[in-house]
Amino acid sequence: MRKLQRVLAVIGASAAITAGMATAAQAAGTADAPTKSERTGATAEYNGKIIDLSQGWQGATVCVEQVAGDVDFRCYDEVSTYRSAEALPQAEPEFGVFAKSDCPSNNLCLWANKNYRAAMVRFVRRGTHHLDDVDFRDKATSVYNRRTSNSDLIDSRSFPVQDRVFTIKNGGSIADLGLIHYPGGGHWNNKIDIVRLN
Ligand SMILES: [Ca+2]
């Protein structure tokens, strides 16, 4: 199953939908970017149960978007467990510390602390992802767009003020969004509400 998921990750979201997984894609908000009132929180499998990620991570430290299956995300509470399950290198500078290498190819990853540390959420499906669906709105401090196309990091603004959009190119990473200038003053730390994978 894991192998299949990796293969699908490479093929991409459109192929997954073609394979009859449109329902799962829509649940993740990738279809028509529904408004908040139309959306439900993302589902996640965590320690053998299904949780609603929008209501909190319940102790999880890393949540990984799934390409296929009954849930939108899979969450882990141990770094080592996550790395084993996802076939990532176990080497790490300090115990329990995340690293940029925890974000594999084709993914866009957000971390709660700078230098790619603390809680991490991983997205792989092309399209719009509302971070309040995964309880990560206004929480991202570092980002790695390990994809072959650019992605948009968006801070929602109330009409008539336009949303602020920061485009991060393919392969780009930012260790501290606090160093990125925000239009009109301030910085991008803890600002991102939506990510769009192109
Ligand atoms: Ca915001």
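What comes next concerns the included structure. Here the structure is a predicted model, which means the values were calculated and not measured.

The rules behind the values
Residues numbered from 1 in each chain as written. Predicted model: local features only at pLDDT ≥ 70, side-chain atom pairs only at ≥ 80, totals over all residues. Buried ≥ 20, exposed ≤ 12 C-beta atoms within 10 Å, placed from the backbone. Helix = DSSP H or I, 4+ residues; strand = E, 2+ residues; numbered from the N terminus. Pairing = 2+ DSSP bridges. Contact = placed C-beta atoms within 7 Å.

## Section: the pairing of strand β5 (residues 107-113)
Within a regular strand, the side chains alternate between the two sheet faces.
And then number 1: In terms of burial, β5 is largely enclosed, as five of its seven residues are buried.
And then number 2: Pairing between β5 and strand β8 (residues 142-146): five bridges, direction antiparallel. Pairing of W111 across the sheet is with S142, part of β8.
And then number 3: Taken together, the five bridges between β5 and strand β6 (residues 117-123) define a ladder with antiparallel strand orientation. Counted as the bridge partner of C109 is R122 from β6.
And then number 4: Between β5 and β6, which pair antiparallel in sequence order, lie three residues; one of them, N115, sits at a positive phi of approximately 60 degrees.

## Re the sheet that holds strand β1 (residues 43-46)
And then number 1: If you trace the eight strands from one edge of the open sheet to the other, you get β2-β1-β4-β3-β6-β5-β8-β11, paired in mixed fashion. Since the sheet does not close on itself, it has two edges, and those belong to β2 (49-52) and β11 (173-174), each with one partner.

## Structural notes on the environment of A140
And then number 1: The topology assignment puts A140 in the loop between β7 (127-130) and β8.
And then number 2: Between the C-alpha atom of A140 and that of L177, which follows or precedes it by 37 residues, the distance is 7.8 Å.
And then number 3: Setting aside residues no more than four positions away along its own chain, A140 makes contact with L110, W111, L177 and I192.

## A word on the environment of G56
And then number 1: Residue position: G56 is located in the loop between β2 and β3 (62-65).
And then number 2: Its 11 C-beta neighbours within 10 Å are what place G56 among the exposed residues.
And then number 3: The spatial distance from the C-alpha of G56 to the C-alpha of V134 is 7.5 Å, given a sequence separation of 78 residues.

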